[in-house]
Amino acid sequence: MKTIIALAGSNSSTSINRQLANYAASLIRSVDVKHLDLNDFEMPIYSSDREKESGFPEEAVNFVNEIRNSDGIVLSLAEYNGAYSSAFKNVFDWASRVEGKTFLGKPMLLMATSPGQRGGISVLEMAAARFPWHDANIVGKFSLPSFHNNFENGEITNQELKDELLVEVKQFQNSLL
């Protein structure tokens, strides 16, 4: 059986992006889902001086190994001031030093959500442009606008948006075959 990672680009205990990533992962059939939490990969802020002095933190190596040992990635990014959260950016920075091809060609369902009407589209576009440089195989993208109006009891309540996500989930599922 295939194993996928579900990950939010947020370290908040109440992350709406974690809720979206977990929901999307639950729609994927015949896979084991490993839910990752950025809090398990907390490290000092990346700097070349730290890398030279101490090498790679164990958490960075573990994060890359989680990707390496998976068959696909479901990632929903939080948008902070139009960009990645600092928690995600730091993990990404360290991981990219451990393995330049950070995402190792794994199929990725890339998503974002926010309380606002744009649904994290800025960070989604930024990641969609950047991640292929790190060997991301982005096979689906989805933005959920106005999270609190469109998500309730663990699922998307707006049928049109739910249908859009199901199309992306199907593309992701097919990429795992």
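Just above, that's the structure.
Residues numbered from 1 in each chain as written. Predicted model: local features only at pLDDT ≥ 70, side-chain atom pairs only at ≥ 80, totals over all residues. Heavy atoms only, no water.

**Some words on the side chain of Asn150**
By the secondary structure assignment, Asn150 is in helix α6 (residues 147-150). Asn150 has contacts with Leu144, Pro145, Glu155, Ile156, Thr157, Asn158 and Leu161, leaving out every residue within four places of it along the chain. (Helix = DSSP H or I, 4+ residues; strand = E, 2+ residues; numbered from the N terminus. Contact = heavy atoms within 4.5 Å.)

**Notes on the packing of helix α3 (residues 58-68) against helix α4 (residues 86-98)**
Running from N to C, α3 and α4 point in directions that differ by 80°, and their axes come no closer than 9 Å. With respect to α4, the axis of α3 lies roughly perpendicular. Touching Ala60, Val61, Phe63 and Val64 of α3 are Val91, Trp94, Ala95 and Val98, all from α4. Residue composition of the contact of α3 with α4, grouped by class: eight nonpolar, no polar and no charged. (Axes fitted to C-alpha atoms, helices over the stretch in contact; angles between N-to-C directions. Parallel < 35°, antiparallel > 145°, perpendicular 65-115°, else oblique. Nonpolar A, V, L, I, M, F, W, Y, C, P; charged D, E, K, R; others polar.)

**So, the packing of aromatic side chains**
Tallied over the full model, the rule gives 12 aromatic pairs. Aromatic pair Phe88 and Phe131: ring centres 6.1 Å apart, planes at 45°, arrangement tilted. You can see Phe88 sitting in helix α4 and its partner Phe131 sitting in the loop between α5 (121-130) and β5 (137-144), a full 43 residues away along the chain. Assigned by exposure class, Phe88 and Phe131 land together as buried. Between Phe147 and Phe151, the aromatic rings sit 4.7 Å apart at their centres with planes inclined by 20°, giving stacked as the arrangement. Grouping residues by exposure puts Phe147 and Phe151 together as buried. Cluster of aromatic residues (ring-pair linked, three or more members): Tyr84, Phe88, Phe92, Phe103 and Phe131. (Phe/Tyr/Trp six-rings, centres within 6.5 Å; stacked < 30°, edge-to-face > 60°. Buried < 20%, exposed > 50% of the residue type's maximum accessible area, 1.4 Å probe, protein only.)

**A few points about the pattern of salt bridges**
Opposite charge on two side chains allows them to pair when their charged atoms are near. According to the stated counting rule, one finds six salt bridges in the structure shown. Where Glu66 meets Lys34, a salt bridge forms, and the shortest distance between an N and an O atom there is 3.0 Å. One end of the pair, Glu66, is in helix α3; the other, Lys34, is in strand β2 (residues 31-36), with 32 residues separating them in the sequence. Since its relative accessible area comes to 19%, Glu66 is described here as buried. (Salt bridge = Lys/Arg side-chain N within 4 Å of Asp/Glu carboxyl O.)

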